[in-house]
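Each chain is listed here by its residues.
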Amino acid sequence: MPTKERMDRIKRVLSNRFADIRVVLEEVKNAHNAGAVARTCDAAGVQHLDIISADNEPFPVNEAVSTRAHKWLEFAKHTSTSDCLLGLKERGFTVFATYLGEGAVPYSQPDYRGPSAFVFGNEADGISEEARDLADVRIRIPMLGMTRSLNLSVSVGIILYEVIRQRTEDKEYEGSPLSADEFERFFSRWLEPEHNKSQRNKKRNKKKGESADSP
């Protein structure tokens, strides 16, 4: 069985998850970047990632980079940008799309204290025109050097920690914890690998004991 310390840690982490932040990745193909984004989301308290892939390809996580952070996250897959973003908007999310072109405002300017979905495009082309047009707000990270963009996971981290900054500095912000149902669902899911590991260790130790007793 998982230890009390392990269960307490899982409860503490789930208590700090944001129920109303979504990270949307549109046609991301690089496994290194995908793994790094998963790790960043877990660290920033984001539970839900929306993956848009027109070809319905598997999310290309590099486990060495993600440090297996993806196993703590919930993934929703979509084959259409419009279905994903319109669905989020119908559920009350404001869609913020990262974009370097005209009409984008500095990422620190909008208010992120309400339900917020952040769209990040692929490594080569950024977001699609469809994502740009469906976004409620286009945001950009100022670039002061010769390069025009940051690594995907770095961009995700900068924006998510701006969200955290706004919410933690607002004394009147009431938070957005997971619902009781989601909390229990993820708690049970996260404990399952621990339980299975404990059972495997018991069987292994039992076999060792039987071998030691054998003539």
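Note: the structure precedes this text.
Residues numbered from 1 in each chain as written. Predicted model: local features only at pLDDT ≥ 70, side-chain atom pairs only at ≥ 80, totals over all residues. Heavy atoms only, no water.

Caption draft 1: Representation of helix 2 (residues 31-43) within the structure. With 13 residues, helix 2 should cover 18 Å at 1.5 Å per step; its first-to-last C-alpha distance of 18 Å lies within 8% of that length. Sitting at the amino-terminal end of helix 2 is Asn-30, which places a side-chain oxygen 2.9 Å from the backbone nitrogen of His-32. Downstream of helix 2 by a residue or two, Gly-45 has a phi angle that is positive, lying close to 85 degrees. (Helix = DSSP H or I, 4+ residues; strand = E, 2+ residues; numbered from the N terminus. Expected span 1.5 Å × (residues − 1). Polar contact = N/O pair within 3.5 Å; in protein donor to acceptor, adjacent residues only side chain to side chain.)

Caption draft 2: Inspection of the nonpolar core at higher detail. Counting 28 residues, the largest nonpolar core has Val-23, Leu-25, Cys-41, Leu-49, Phe-118, Phe-120 and Leu-160 as its most contacted members. Looking at this core, the elements that each hand over two or more residues are strand 1 (18-26), helix 2, strand 2 (46-52), strand 6 (116-120) and helix 6 (152-169). Not counting the four nearest positions on each side in its chain, Phe-120 is found in contact with Val-23, Val-24, Leu-25, Glu-26, Thr-98, Ile-127, Leu-152, Ser-155, Val-156 and Ile-159. Grouped together as the second largest cluster of nonpolar side chains are 14 residues, Val-24, Leu-85, Phe-93 and Ala-117 included. (Core = buried A, V, L, I, M, F, W, Y, C linked by side-chain atoms within 4.5 Å. Buried < 20%, exposed > 50% of the residue type's maximum accessible area, 1.4 Å probe, protein only. Contact = heavy atoms within 4.5 Å.)

Caption draft 3: The side chain of His-48, seen in detail. As for its placement among the helices and strands, His-48 is situated in strand 2. Within the structure, His-48 has its side chain in polar contact with the side chain of Glu-182 (distance 3.1 Å). In this structure, His-48 is in contact with Ile-21, Arg-22, Val-23, Glu-74, Glu-182 and Phe-186, ignoring residues within four places of it in sequence.

Caption draft 4: Local environment of the packing of aromatic side chains. Using the criterion set out here, one finds four aromatic pairs in the structure. Aromatic pair Phe-96 and Tyr-112: ring centres 4.9 Å apart, planes at 80 degrees, arrangement edge-to-face. Remark: Tyr-112 occurs in the loop between strand 5 (105-106) and strand 6 and Phe-96 occurs in strand 4 (residues 94-98); sequence separation between them is 16 residues. Neither Phe-96 nor Tyr-112 differs from the other in exposure class; each is buried. Considering the side-chain rings of Phe-96 and Phe-118, the 5.4 Å spacing of their centres and the 20 degrees angle between planes classify their relative orientation as stacked. Note that Phe-96 is positioned in strand 4 and Phe-118 in strand 6, a separation of 22 residues in sequence. Given the relative accessible area of 3%, Phe-96 is considered buried. (Phe/Tyr/Trp six-rings, centres within 6.5 Å; stacked < 30°, edge-to-face > 60°.)

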